[in-house]
Amino acid sequence: MDNFLNTVSEDYRNFGLENTSVSENKLPEDVRLFQRIILTNEERKRLPGNASFFMGTQIHEAVQKMICHNKTLDEVIYKDENSLIKNTRNYKPLDEKDKAKSRTIAMQSKKIIKNFVEEVNKLQDGNWKSECEYVHWDNRIGTYFRMFVDAVGDKYFIDFKNLFGSVRQTKKGWSISKRTMEGKIFSSDLMQMALYSKVLPNHKPCLIYATPEGAMSFTPDNTSEMKPENLHKYYEELITYQKVWENKLAYANGDIKKLAGIIKTDFSSIRKQDFWWNNIPHEYLTRLKKYYD
(Lines give C-alpha, C1' and ligand atoms only; values in the text may rest on other atoms or scores of the structure.)
Protein backbone atom coordinates (compact mmCIF):
# COMPACT_ATOMS: atom_id res chain seq x y z
CA MET A 1 0.00 0.00 0.00
CA ASP A 2 2.85 2.43 0.81
CA ASN A 3 4.18 2.08 -2.75
CA PHE A 4 0.82 3.23 -4.09
CA LEU A 5 0.67 6.18 -1.69
CA ASN A 6 4.09 7.35 -2.87
CA THR A 7 2.85 7.64 -6.45
CA VAL A 8 -0.38 9.56 -5.81
CA SER A 9 -0.32 12.77 -7.85
CA GLU A 10 0.24 16.20 -6.37
CA ASP A 11 -3.21 17.27 -7.60
CA TYR A 12 -4.74 14.61 -5.36
CA ARG A 13 -2.49 15.38 -2.41
CA ASN A 14 -3.34 19.10 -2.66
CA PHE A 15 -6.88 18.19 -1.58
CA GLY A 16 -5.82 15.63 1.04
CA LEU A 17 -6.94 12.70 -1.11
CA GLU A 18 -5.25 9.32 -1.47
CA ASN A 19 -7.34 6.86 -3.48
CA THR A 20 -10.60 6.50 -5.36
CA SER A 21 -13.25 3.86 -6.04
CA VAL A 22 -16.03 2.97 -8.46
CA SER A 23 -18.63 4.16 -5.96
CA GLU A 24 -16.94 7.57 -5.74
CA ASN A 25 -16.97 7.90 -9.53
CA LYS A 26 -20.70 7.08 -9.52
CA LEU A 27 -21.47 10.10 -7.32
CA PRO A 28 -22.93 13.29 -8.81
CA GLU A 29 -20.08 15.80 -8.99
CA ASP A 30 -21.60 18.18 -6.44
CA VAL A 31 -21.97 15.29 -3.98
CA ARG A 32 -18.39 14.22 -4.68
CA LEU A 33 -17.20 17.78 -4.01
CA PHE A 34 -19.15 17.92 -0.77
CA GLN A 35 -18.32 14.47 0.60
CA ARG A 36 -14.74 14.01 -0.61
CA ILE A 37 -13.36 17.57 -0.58
CA ILE A 38 -15.32 19.77 1.82
CA LEU A 39 -16.00 17.28 4.61
CA THR A 40 -13.24 15.68 6.66
CA ASN A 41 -12.91 11.91 6.76
CA GLU A 42 -14.44 11.81 10.23
CA GLU A 43 -17.35 14.03 9.21
CA ARG A 44 -18.02 11.86 6.18
CA LYS A 45 -18.07 8.74 8.35
CA ARG A 46 -20.68 10.39 10.59
CA LEU A 47 -23.07 11.25 7.75
CA PRO A 48 -26.51 9.72 8.35
CA GLY A 49 -27.13 6.46 6.54
CA ASN A 50 -30.47 5.04 5.52
CA ALA A 51 -32.37 1.78 5.67
CA SER A 52 -31.45 0.72 2.13
CA PHE A 53 -27.71 0.99 2.79
CA PHE A 54 -27.97 -0.56 6.23
CA MET A 55 -30.17 -3.49 5.25
CA GLY A 56 -28.18 -4.08 2.09
CA THR A 57 -25.06 -4.51 4.21
CA GLN A 58 -26.88 -6.81 6.63
CA ILE A 59 -28.11 -9.07 3.83
CA HIS A 60 -24.70 -9.21 2.13
CA GLU A 61 -22.97 -10.11 5.39
CA ALA A 62 -25.53 -12.84 6.05
CA VAL A 63 -24.91 -14.36 2.60
CA GLN A 64 -21.14 -14.16 3.15
CA LYS A 65 -21.44 -15.98 6.47
CA MET A 66 -23.40 -18.76 4.83
CA ILE A 67 -21.13 -19.34 1.83
CA CYS A 68 -17.80 -18.64 3.56
CA HIS A 69 -18.39 -19.97 7.08
CA ASN A 70 -21.15 -22.57 6.60
CA LYS A 71 -23.64 -20.71 8.76
CA THR A 72 -27.31 -21.67 8.46
CA LEU A 73 -30.11 -19.36 7.38
CA ASP A 74 -31.61 -19.36 10.88
CA GLU A 75 -28.24 -18.55 12.44
CA VAL A 76 -27.51 -15.51 10.29
CA ILE A 77 -31.04 -14.12 10.59
CA TYR A 78 -32.03 -14.97 14.17
CA LYS A 79 -29.54 -16.87 16.32
CA ASP A 80 -26.07 -15.32 15.91
CA GLU A 81 -24.92 -12.68 18.37
CA ASN A 82 -24.91 -10.12 15.54
CA SER A 83 -27.78 -11.61 13.57
CA LEU A 84 -29.69 -9.58 11.01
CA ILE A 85 -32.78 -9.28 13.20
CA LYS A 86 -30.79 -8.19 16.26
CA ASN A 87 -28.88 -5.59 14.25
CA THR A 88 -32.10 -4.29 12.70
CA ARG A 89 -33.59 -3.77 16.16
CA ASN A 90 -30.54 -1.65 17.05
CA TYR A 91 -30.72 0.42 13.86
CA LYS A 92 -31.42 4.12 14.42
CA PRO A 93 -33.76 5.23 11.61
CA LEU A 94 -33.87 8.71 10.11
CA ASP A 95 -37.66 8.91 10.45
CA GLU A 96 -40.77 6.75 10.54
CA LYS A 97 -40.55 5.94 6.83
CA ASP A 98 -36.94 4.85 7.18
CA LYS A 99 -37.89 2.73 10.20
CA ALA A 100 -40.70 1.12 8.23
CA LYS A 101 -38.33 0.33 5.37
CA SER A 102 -35.77 -1.34 7.64
CA ARG A 103 -38.45 -3.46 9.31
CA THR A 104 -40.15 -4.36 6.02
CA ILE A 105 -36.88 -5.44 4.40
CA ALA A 106 -36.01 -7.43 7.52
CA MET A 107 -39.26 -9.36 7.06
CA GLN A 108 -38.25 -10.10 3.45
CA SER A 109 -34.61 -10.88 4.25
CA LYS A 110 -34.96 -14.65 4.60
CA LYS A 111 -36.23 -14.98 1.03
CA ILE A 112 -33.63 -12.56 -0.36
CA ILE A 113 -30.70 -14.30 1.34
CA LYS A 114 -31.99 -17.71 0.28
CA ASN A 115 -32.21 -16.50 -3.33
CA PHE A 116 -28.65 -15.16 -3.27
CA VAL A 117 -27.25 -18.40 -1.84
CA GLU A 118 -29.10 -20.53 -4.38
CA GLU A 119 -27.50 -18.54 -7.19
CA VAL A 120 -24.05 -18.92 -5.63
CA ASN A 121 -24.54 -22.69 -5.36
CA LYS A 122 -25.34 -22.89 -9.08
CA LEU A 123 -21.78 -21.73 -9.83
CA GLN A 124 -20.39 -24.96 -8.34
CA ASP A 125 -17.41 -23.11 -6.89
CA GLY A 126 -15.78 -23.27 -3.46
CA ASN A 127 -13.28 -21.87 -0.95
CA TRP A 128 -15.20 -18.60 -0.82
CA LYS A 129 -13.61 -15.61 0.92
CA SER A 130 -15.45 -12.39 1.67
CA GLU A 131 -14.59 -8.67 1.53
CA CYS A 132 -11.28 -9.30 -0.22
CA GLU A 133 -9.29 -6.06 -0.48
CA TYR A 134 -7.42 -5.13 -3.67
CA VAL A 135 -5.78 -2.05 -5.15
CA HIS A 136 -5.36 -1.25 -8.83
CA TRP A 137 -3.16 1.33 -10.53
CA ASP A 138 -3.57 2.75 -14.03
CA ASN A 139 -0.78 5.03 -15.26
CA ARG A 140 -3.29 7.32 -16.97
CA ILE A 141 -4.67 8.58 -13.66
CA GLY A 142 -3.05 10.20 -10.64
CA THR A 143 -4.23 7.83 -7.95
CA TYR A 144 -5.18 4.19 -7.40
CA PHE A 145 -8.46 2.35 -6.99
CA ARG A 146 -9.15 0.62 -3.69
CA MET A 147 -11.87 -2.01 -3.59
CA PHE A 148 -13.45 -4.76 -1.47
CA VAL A 149 -14.90 -7.67 -3.45
CA ASP A 150 -18.00 -9.28 -1.90
CA ALA A 151 -16.90 -12.89 -2.48
CA VAL A 152 -13.98 -14.62 -4.23
CA GLY A 153 -13.90 -18.37 -4.89
CA ASP A 154 -11.62 -20.67 -6.83
CA LYS A 155 -13.17 -19.81 -10.21
CA TYR A 156 -15.49 -16.83 -9.73
CA PHE A 157 -15.71 -13.49 -7.97
CA ILE A 158 -19.15 -12.16 -7.05
CA ASP A 159 -20.80 -8.83 -6.45
CA PHE A 160 -24.19 -8.96 -4.69
CA LYS A 161 -26.82 -6.33 -5.47
CA ASN A 162 -30.15 -5.99 -3.65
CA LEU A 163 -33.16 -4.64 -5.51
CA PHE A 164 -35.38 -3.15 -2.81
CA GLY A 165 -38.83 -1.72 -3.43
CA SER A 166 -40.14 1.69 -2.33
CA VAL A 167 -41.98 2.11 0.95
CA ARG A 168 -45.25 4.00 1.17
CA GLN A 169 -47.95 4.46 3.78
CA THR A 170 -51.44 3.15 3.08
CA LYS A 171 -54.66 2.96 5.09
CA LYS A 172 -53.51 -0.45 6.31
CA GLY A 173 -50.03 0.77 7.30
CA TRP A 174 -46.65 0.70 5.61
CA SER A 175 -46.12 -1.40 2.50
CA ILE A 176 -43.24 -1.99 0.11
CA SER A 177 -43.48 -2.25 -3.66
CA LYS A 178 -42.11 -5.14 -5.72
CA ARG A 179 -39.02 -4.69 -7.89
CA THR A 180 -39.00 -6.48 -11.20
CA MET A 181 -35.85 -7.93 -12.74
CA GLU A 182 -35.73 -7.23 -16.45
CA GLY A 183 -32.42 -8.89 -17.21
CA LYS A 184 -30.68 -5.54 -17.64
CA ILE A 185 -27.49 -4.55 -15.81
CA PHE A 186 -26.89 -1.04 -14.53
CA SER A 187 -23.87 0.55 -16.24
CA SER A 188 -22.36 1.51 -12.89
CA ASP A 189 -22.41 -2.17 -11.87
CA LEU A 190 -20.66 -3.10 -15.12
CA MET A 191 -17.93 -0.56 -14.35
CA GLN A 192 -17.52 -2.17 -10.95
CA MET A 193 -17.23 -5.65 -12.44
CA ALA A 194 -14.80 -4.34 -15.05
CA LEU A 195 -12.51 -2.96 -12.35
CA TYR A 196 -12.69 -6.15 -10.30
CA SER A 197 -11.71 -8.09 -13.42
CA LYS A 198 -8.48 -6.11 -13.57
CA VAL A 199 -7.37 -7.39 -10.15
CA LEU A 200 -8.84 -10.89 -10.63
CA PRO A 201 -8.01 -11.64 -14.28
CA ASN A 202 -8.06 -15.42 -13.80
CA HIS A 203 -11.55 -15.46 -12.29
CA LYS A 204 -14.92 -15.26 -14.00
CA PRO A 205 -17.10 -12.30 -12.96
CA CYS A 206 -20.56 -12.97 -11.54
CA LEU A 207 -23.06 -10.24 -10.72
CA ILE A 208 -26.17 -11.30 -8.79
CA TYR A 209 -29.35 -9.24 -8.39
CA ALA A 210 -31.89 -10.48 -5.84
CA THR A 211 -35.38 -9.66 -4.61
CA PRO A 212 -37.74 -11.64 -2.33
CA GLU A 213 -39.29 -13.13 -5.48
CA GLY A 214 -36.11 -14.42 -7.10
CA ALA A 215 -32.57 -13.73 -8.30
CA MET A 216 -30.61 -13.40 -11.53
CA SER A 217 -26.93 -14.13 -12.14
CA PHE A 218 -24.95 -12.47 -14.90
CA THR A 219 -21.72 -14.11 -16.06
CA PRO A 220 -19.72 -14.18 -19.32
CA ASP A 221 -21.52 -17.44 -20.14
CA ASN A 222 -25.00 -15.91 -20.25
CA THR A 223 -24.45 -12.16 -20.77
CA SER A 224 -22.42 -10.58 -23.56
CA GLU A 225 -21.82 -7.41 -21.51
CA MET A 226 -19.89 -9.51 -18.99
CA LYS A 227 -17.42 -10.84 -21.56
CA PRO A 228 -13.84 -9.52 -21.16
CA GLU A 229 -13.85 -7.39 -24.32
CA ASN A 230 -17.05 -5.63 -23.28
CA LEU A 231 -16.06 -5.19 -19.63
CA HIS A 232 -12.90 -3.48 -20.91
CA LYS A 233 -15.10 -0.83 -22.56
CA TYR A 234 -16.75 -0.08 -19.22
CA TYR A 235 -13.34 0.04 -17.57
CA GLU A 236 -12.28 2.68 -20.10
CA GLU A 237 -15.41 4.68 -19.24
CA LEU A 238 -14.45 4.52 -15.56
CA ILE A 239 -10.95 5.80 -16.35
CA THR A 240 -12.48 8.64 -18.39
CA TYR A 241 -14.69 9.70 -15.47
CA GLN A 242 -11.70 9.69 -13.15
CA LYS A 243 -9.53 11.68 -15.61
CA VAL A 244 -12.22 14.35 -15.95
CA TRP A 245 -12.38 14.69 -12.17
CA GLU A 246 -8.59 14.92 -11.92
CA ASN A 247 -8.53 17.63 -14.61
CA LYS A 248 -10.77 19.72 -12.36
CA LEU A 249 -8.55 19.06 -9.35
CA ALA A 250 -5.51 20.16 -11.39
CA TYR A 251 -7.27 23.37 -12.46
CA ALA A 252 -8.21 24.22 -8.87
CA ASN A 253 -4.68 23.50 -7.58
CA GLY A 254 -5.79 22.87 -4.00
CA ASP A 255 -8.25 25.81 -3.90
CA ILE A 256 -11.69 24.50 -2.86
CA LYS A 257 -13.48 27.73 -3.84
CA LYS A 258 -11.93 27.53 -7.30
CA LEU A 259 -13.00 23.87 -7.61
CA ALA A 260 -16.55 24.75 -6.52
CA GLY A 261 -16.58 27.42 -9.24
CA ILE A 262 -16.52 24.74 -11.96
CA ILE A 263 -18.96 22.34 -10.28
CA LYS A 264 -22.68 23.17 -10.31
CA THR A 265 -24.19 22.23 -6.95
CA ASP A 266 -27.90 21.46 -7.12
CA PHE A 267 -29.24 23.68 -4.35
CA SER A 268 -32.79 22.70 -5.27
CA SER A 269 -31.96 19.09 -4.33
CA ILE A 270 -30.50 20.33 -1.05
CA ARG A 271 -33.66 22.29 -0.22
CA LYS A 272 -35.86 19.28 -1.04
CA GLN A 273 -33.52 17.01 0.93
CA ASP A 274 -33.26 14.58 -1.95
CA PHE A 275 -31.47 11.25 -1.55
CA TRP A 276 -27.88 12.51 -1.19
CA TRP A 277 -28.82 15.51 0.95
CA ASN A 278 -31.33 13.99 3.36
CA ASN A 279 -30.67 14.82 7.05
CA ILE A 280 -27.28 16.44 6.40
CA PRO A 281 -26.26 18.60 9.40
CA HIS A 282 -26.98 22.29 8.84
CA GLU A 283 -23.41 23.36 9.63
CA TYR A 284 -22.07 21.11 6.85
CA LEU A 285 -24.41 22.67 4.29
CA THR A 286 -23.54 26.17 5.50
CA ARG A 287 -19.87 25.40 4.91
CA LEU A 288 -20.63 24.16 1.39
CA LYS A 289 -22.61 27.30 0.51
CA LYS A 290 -19.79 29.59 1.66
CA TYR A 291 -17.66 28.36 -1.23
CA TYR A 292 -20.25 29.85 -3.60
CA ASP A 293 -20.46 33.29 -1.94
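Residues numbered from 1 in each chain as written. Predicted model: local features only at pLDDT ≥ 70, side-chain atom pairs only at ≥ 80, totals over all residues. Heavy atoms only, no water.

1. Some words on the overall build of the chain
- Looking only at helices and strands, the chain has 14 helices and 8 strands in total.
- Its C-alpha atoms give the chain a radius of gyration of 20 Å, within 12% of the compact-globule value 19 Å for 293 residues.
- On the principal axes, the C-alpha backbone points of the chain span a range of 55 × 50 × 35 Å.
- Buried residues in the chain amount to 49% of all 293 residues.
- Restricting the contact set of the chain to residue pairs at least 6 apart, pairs at least 24 apart contribute 69%.
- Surface summary for the chain: the accessible area is close to 15,600 Å², and the carbon and sulfur share equals 47%.
- Of the side chains in the chain, 46 bear a positive and 40 a negative charge, and the two mean positions are spaced by 6 Å. (Helix = DSSP H or I, 4+ residues; strand = E, 2+ residues; numbered from the N terminus. Rg over C-alpha atoms; globule rule 2.2 N^0.38 Å. Buried < 20%, exposed > 50% of the residue type's maximum accessible area, 1.4 Å probe, protein only. Contact = heavy atoms within 4.5 Å. Areas by Shrake-Rupley, 256 points an atom, 1.4 Å probe, with all protein chains shown as cover. Lys, Arg positive; Asp, Glu negative; His and termini not counted. Charge placed at Lys NZ, Arg CZ, Asp CG, Glu CD.)

2. Some details on the pairing of strand β6 (residues 173–176)
- Here strand β5 (residues 167–170) pairs with β6 via 4 bridges, running antiparallel. Residue pairing in the sheet places T170 in a bridge with G173 of β6. (Pairing = 2+ DSSP bridges.)

3. With respect to helix α4 (residues 29–38)
- Taking burial as the measure, the 10 residues of α4 include 9 buried ones, the bulk of the element.
- Among the residues of α4, those classed as buried are D30, V31, R32, L33, F34, Q35, R36, I37 and I38.

4. Digging into the packing of α4 against helix α14 (residues 282–290)
- Where α4 meets α14, the closest approach of the two axes is 11 Å, and the angle between their N-to-C directions is 105°. When the axes of α4 and α14 are compared, the pair comes out roughly perpendicular. For the pair α4 and α14, the contacting residues are L33, F34 and I38 in the first and Y284, L285, R287 and L288 in the second.
- The residue makeup of the contact of α4 with α14, split by class, is 6 nonpolar, no polar and 1 charged. (Axes fitted to C-alpha atoms, helices over the stretch in contact; angles between N-to-C directions. Parallel < 35°, antiparallel > 145°, perpendicular 65-115°, else oblique. Nonpolar A, V, L, I, M, F, W, Y, C, P; charged D, E, K, R; others polar.)

5. Topic: empty space enclosed by the protein
- One pass over the structure, following the stated rule, counts 2 cavities of 30 Å³ or more.
- Computed from the structure, the largest cavity encloses a volume of approximately 50 Å³.
- Together, Q108, L163, F164, G165, I176, S177, K178, R179, P212 and E213 line the largest cavity.
- When the residues that make up the lining of the largest cavity are grouped by side-chain class, the tally is 4 nonpolar, 3 polar and 3 charged.
- The space that makes up the second largest cavity amounts to roughly 40 Å³.
- Taken together, Q58, E61, A62, K65, V76, N82, S83, L84 and N87 make up the full set of residues lining the second largest cavity. (1 Å grid on protein atoms, 1.4 Å probe; cavity = no way out; pocket = protein on both sides within 12 Å on 5 of 7 lines; lining within 4 Å. Points joined across faces, edges and corners; volume = space filled by probe spheres on them.)

6. Notes on the nonpolar core
- In terms of nonpolar packing, the biggest core is built from 32 residues, with I59, I67, I113, W128, I158 and F160 touching the most fellow members.
- Sorting the residues of this core by element identifies α6 (51–69), α7 (73–79), α8 (84–90), α9 (96–122), β4 (156–162) and β7 (204–211) as the ones contributing at least two each.
- Counting residues per element, this core draws most heavily on α9, which supplies 8 residues.
- Residue contacts for I59: discarding those within four places in its chain leaves L84, I105, S109, I112, I113, F116, N162 and F164.
- Ranked by size, the runner-up nonpolar core spans 27 residues in total, among them F145, Y196, L207 and I239. (Core = buried A, V, L, I, M, F, W, Y, C linked by side-chain atoms within 4.5 Å.)

7. Comments concerning the environment of R287
- Looking at the element boundaries, R287 is found in helix α14.
- We classify R287 as partly exposed; its relative accessible area is 25%.
- Put simply, R287 and L47 are 240 residues apart on the chain and 15 Å apart in space, counted from C-alpha to C-alpha.
- Apart from the residues lying within four places of it in its own chain, the contact partners of R287 are I38, L39 and E43.
- Within polar-contact distance, the side chain of R287 engages the side chain of E43 at 2.7 Å. (Polar contact = N/O pair within 3.5 Å; in protein donor to acceptor, adjacent residues only side chain to side chain.)

As far as function goes, none of this settles anything; it's purely spatial.
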